[in-house]
Every structure is written in structure tokens, then in C-alpha cells.
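Residue-level listing of the chains:
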Amino acid sequence: MIEKFEQEVIEEIRAYGMINSGEHVIMGVSGGMDSICLLYILNKLSSEWGFHLFAVHVNHMLRGAEAERDKQFVKDLCEAMEIPCMAVNIDVNQLAQQKKLSVEEAGRQARYQTFENAAIKLCGKDKLHEAKIAVAHHRDDNVETVLLNLARGSGVNGIKGILPVNKRGNLTFIRPLLGVGRDDIEKYVKEVGLPFVTDSTNSRDDYARNKIRLRVIPELQKVNSRVSEHINETAALLVQVQEYMDKQISEAMYNVADIRDDSVAISAANLKVKDPAIQTGIIYRCIGHMAGTLKDITRIHVHDVLSLTDKQTGRRIELPYGLVAIRSYDNILIRRNESMPSGNRMDFERKPVSITMGNHIDISLSDIGKNGKTFIMADGGRLTFNIVDVDDSNREQLIKKNIYKKAFDYDTIKGSLILGRPMPDDEIRFAGGTKSLKKYFTDEKIPWEIRNQILVLKDVNSTIWVLGYRIGEPYKVTRHTTRALVVTITGGNNEQH
């Protein structure tokens, strides 16, 4: 039994390329049977395979003396096994209140942050790819996850279950026990004689996951004794389906969604012509981008956002994680649920800048020089001009879309810069031709009361940038650009996030 079980775990590790020689494997150790099982096996493999094992224990401070007992047990066991260990206390209740999260989500975030801190300590910020985070999820955990997400209304992403390997941010998580079940682990631990502690809350059915494990699965096993096996097989099939769908969604995203750091704008017209499955995938991805997670994002939320395609401007939907979806002219905007300044169009690139000045001011490029130049605006914000050299190391970053930071090809600018309010004869050039600013504002449905608050940056030929909106085509940074003028808006009502 011992050799067979260990071989199954080894095959799972090799099948997914989970661990390579020289890597740091940081393992989450709760002290329970599953984590002790995995810790023991990884410790046996570490010297033979040439990787470094490091243990992490997080005391969530939810179970009083029992939790302190678990922490001390893990520290003592790791010391006896000569495994370096980081054990930390994090008040998850307090964290949940501060961030307005569920206790479960706050605990998840606490563990992730601890894993990241350990990875930085071992590898450094620039080499996090050399770390793997090992957790002891097994086959029955996957069944619970599938059923729980199905009950909550998750889409395919949720009911495909737990992945053997996945990335979260800069960290790679591995699950070597995912191919074995709880019964197999229990038999192995007993045969080897491994010590472990038991979390008393695991036997309480007031947690959703515990209800699934203690009540639902036993009833399903009465229908079919192989229910866990079948659910895992279906989850594996859904992983393949989702991988295909992800490719289709990525291709569709190009002309549907404009993703920014602080918001996402979805073209309602372009979204409506897509296949319903693609529409759903795009909305899931956009909400997930803003929320930083897909947990608790259900089909109901997606359906509500999709309903905005047929609603009037101004209609809004509240979403989890403090987000809101708003129908704004031709777009559906997903952003943080914060009040917008009165009179501003609520759209992804609509925050007018105010500055105390006459019709315009002239800014000499020579005055900007190496040290840059900054103007203080009426709302306390700053408008900063800098000139930088451009090469392959920074070109893509300069081209990247950002509402309040734009880069322009320095050598396309003629004469001095002119900063001021839009003038009747101002024009802006696009790839397809030239428009007057008046027509551009009309086409973009920018209200009249907003237009006289907008600032325009020009040279002697044309409009370089309608601040907070579009830039002129001739001034864009390209692969031929060697110098760039970088203009940044910070502070005031236009703080860059």
C-alpha cells in the first residue's frame, strides 16, 4: 500500500511537471492528516530530486487554544524533520472586517500573502518563478469544490474544479495529492504511523463545504458508489472544454472589451453579436479582472451585466467586491462603486481635468528638458511633462493604454506645445482621416456641459491629445520612435491608480 500510494503521487507530480530540480517548494502545512501526508512524501523526495522544501503554517486565530496547539505541533514536527518552517498568526476576523470580506475569503488572502512573503524571502522578488506553492488538496476536495460551485451558480470555470497546477499572480500552485482520495490518504498515514492534529470545525456542518462533505456526498454515494470518481472525470473533461473556450474568448475580447487598470469598458453592440457562450465568458473575464478573483462571481451576476446591453444609459448593477456595472452610452462600464464627480460622463475614459488658465499656454520643449516640467491644476492635481529615450526595454510600456499617462513620439511634435481649452477650428487626426474636435465630441456623445472643462494638448499642426480621451494618430509611439514625450496626470480628481 505504501509504495503504491507514493508512486501514484509521484506520477501525478511528473504528469504535470510540478517540481523541478533546484526549485523551492513552499508547502502549506495545517497539521491535519492531508498536509502531513504530503509533507512526509515531499520530504522523502526532496534530497533525491534536488529541490528545497520549506513549510508555512498560518494560524487564523479563529479557534483559540486549539489553533495555537496546531501551530506548535507543526513547528515541532518540522524541527524534528529538519524542514525550515514559517509559522505566523493573522487575525482573520479583523482582516475580514477591514476589507469587508467573508472570513473564508479573508483567510484565503492571508494564506496567499504568507506564501508570497515566503517566496520572496527564499527567491527574491525577481525570481518567484523558482518557487512552487504546494497544497494538500485531494480528489475528494475536488468533488466538494465542484458541487459547492455548482450549488452557488458558478459557470464552467467553477465546476471544472481544482486544477493540478495553476498560477495566481506571480505564484505557481501545485497539488500533488489531487489524484488520490481521502480514504487512500488515511490508510497511508496509518500504515506509516504519521502524527497529525484534527481541526474540530471539520465535524461541524454549519460551514457550506462541511455540509457538502458530511451530508450531500454520502447521499449521492447511495445513488452510485462511484459518484466521486465520475464527478472527477467530468471535471477533467470540463477543463479541456474551458481551455478551448478560453482561446475563443481571448480572440473575441479584442474588439469587445477595453481593459484598463481601474475599469473595463465593453462595447454593447460588439458584445451582442457574439455567441451567447462567448458573451458569458467575456463578462466573467471582465468582472474577474476588476475583482481580482472569480470566487463568488455567479451566473446571476453575469446575466445581470448582460442585461445592460438592452438598457438605457445610466442603468446600473451592483456586483460583488465593491464593483458596479453601468450602461454608459455605447458601453457597459465595470468599475469600483465610487461616486463620480457631478456632471461627468460615467465612462471608462471620462474624467475632465480642470486647470486655472486663460485660453491656452505655450510650453517650449526646450523648457521641459531633462528635469521635466509640472503644472499645478485648480483641483490640486499635477500635469507633468518628461522626455525619455525609447528602446525595446520600455517601448511596450509606453504604448500601453492608460487614461492619465500618455507617451508621444517626440520627433513628430512641431514647434511649441499648446495646452488649453478646445478651439472652434481644432482638429484631431485618426488612422482613417481627420475630424474636427466638435464632431469628435458629438460622435463620442460627450455632453455640452463637459466639453468646456476638457483640456487639449496641441502643436502647430494638430491635436496631440484630448486629455483623458484620444491621442492623435501621427503622434503615437511606434517601433521607429527613439524619444518620447510622456505626459502624466496625478492627484486632484484624476488620481492615477
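All values derive from a computational prediction rather than experimental measurement.

### Some thoughts on the overall build of the chain
1) Next: Scanning the chain for helices and strands turns up 17 helices and 21 strands.
2) Next: The buried share of the chain, reckoned over its 497 residues, is 48%.
3) Next: Approximately 25,000 Å² of the chain is accessible, and the part contributed by carbon and sulfur atoms is 49%.
4) Next: Each charge class in the chain can be summarised by its mean position, and for the 68 positive and 66 negative side chains these summaries are 5 Å apart.

### So, the packing of helix 6 (residues 139-152) against helix 10 (residues 227-253)
1) Next: Between helix 6 and helix 10, the shortest axis-to-axis distance is 9 Å and the interhelical angle comes to 70°. The angle between helix 6 and helix 10 places the two elements in the roughly perpendicular class. Residue-level contacts link Arg139, Asp140, Asn142, Val143, Val146 and Leu147 of helix 6 to Ser228, Ile231, Asn232 and Ala235 of helix 10.
2) Next: Class assignment for the residues of the contact of helix 6 with helix 10 results in 5 nonpolar, 3 polar and 2 charged.

### Focus: the pattern of salt bridges
1) Next: Applying the stated criterion across every chain yields a total of 26 salt bridges.
2) Next: A salt bridge links Arg63 to Asp199, with the shortest nitrogen-to-oxygen separation between them at 3.5 Å. Linking Arg63 in the loop between strand 2 (52-59) and helix 3 (65-81) with Asp199 in the loop between helix 8 (182-192) and helix 9 (208-223), this pair joins segments that are 136 residues apart in sequence.
3) Next: Residue classification places Arg63 among the partly exposed residues on the basis of a relative accessible area of 25%.
4) Next: The exposure class assigned to Asp199 is partly exposed, which follows from its relative accessible area of 21%.
5) Next: Linking Glu318 and Arg316 is a salt bridge whose minimum nitrogen-to-oxygen distance equals 3.8 Å.

### Quick look at the environment of Leu62
1) Next: When you line up the elements, Leu62 lands in the loop between strand 2 and helix 3.
2) Next: Placed 126 residues apart in sequence, Leu62 and Tyr188 show a C-alpha to C-alpha distance of 30 Å.
3) Next: For Leu62, the contacting residues outside a window of four places in its chain are Asn93 and Val103.

### Some thoughts on the sheet that holds strand 20 (residues 463-466)
1) Next: With antiparallel pairing, the 4 strands of this open sheet are ordered in space as 12-16-19-20. In the strand order of this sheet, the two ends are held by strand 12 (360-363) and strand 20, each with one partner. When the angles between neighbouring strand axes are averaged without regard to direction, this sheet yields 20°.
2) Next: Pairing between strand 16 (residues 417-420) and strand 19 (residues 456-458): 3 bridges, direction antiparallel. Across the sheet, residue Ile418 finds its bridge partner in strand 19, namely Lys458.

Thresholds applied
Residues numbered from 1 in each chain as written. Predicted model: local features only at pLDDT ≥ 70, side-chain atom pairs only at ≥ 80, totals over all residues. Heavy atoms only, no water. Helix = DSSP H or I, 4+ residues; strand = E, 2+ residues; numbered from the N terminus. Buried < 20%, exposed > 50% of the residue type's maximum accessible area, 1.4 Å probe, protein only. Areas by Shrake-Rupley, 256 points an atom, 1.4 Å probe, with all protein chains shown as cover. Lys, Arg positive; Asp, Glu negative; His and termini not counted. Charge placed at Lys NZ, Arg CZ, Asp CG, Glu CD. Axes fitted to C-alpha atoms, helices over the stretch in contact; angles between N-to-C directions. Parallel < 35°, antiparallel > 145°, perpendicular 65-115°, else oblique. Contact = heavy atoms within 4.5 Å. Nonpolar A, V, L, I, M, F, W, Y, C, P; charged D, E, K, R; others polar. Salt bridge = Lys/Arg side-chain N within 4 Å of Asp/Glu carboxyl O. Pairing = 2+ DSSP bridges.

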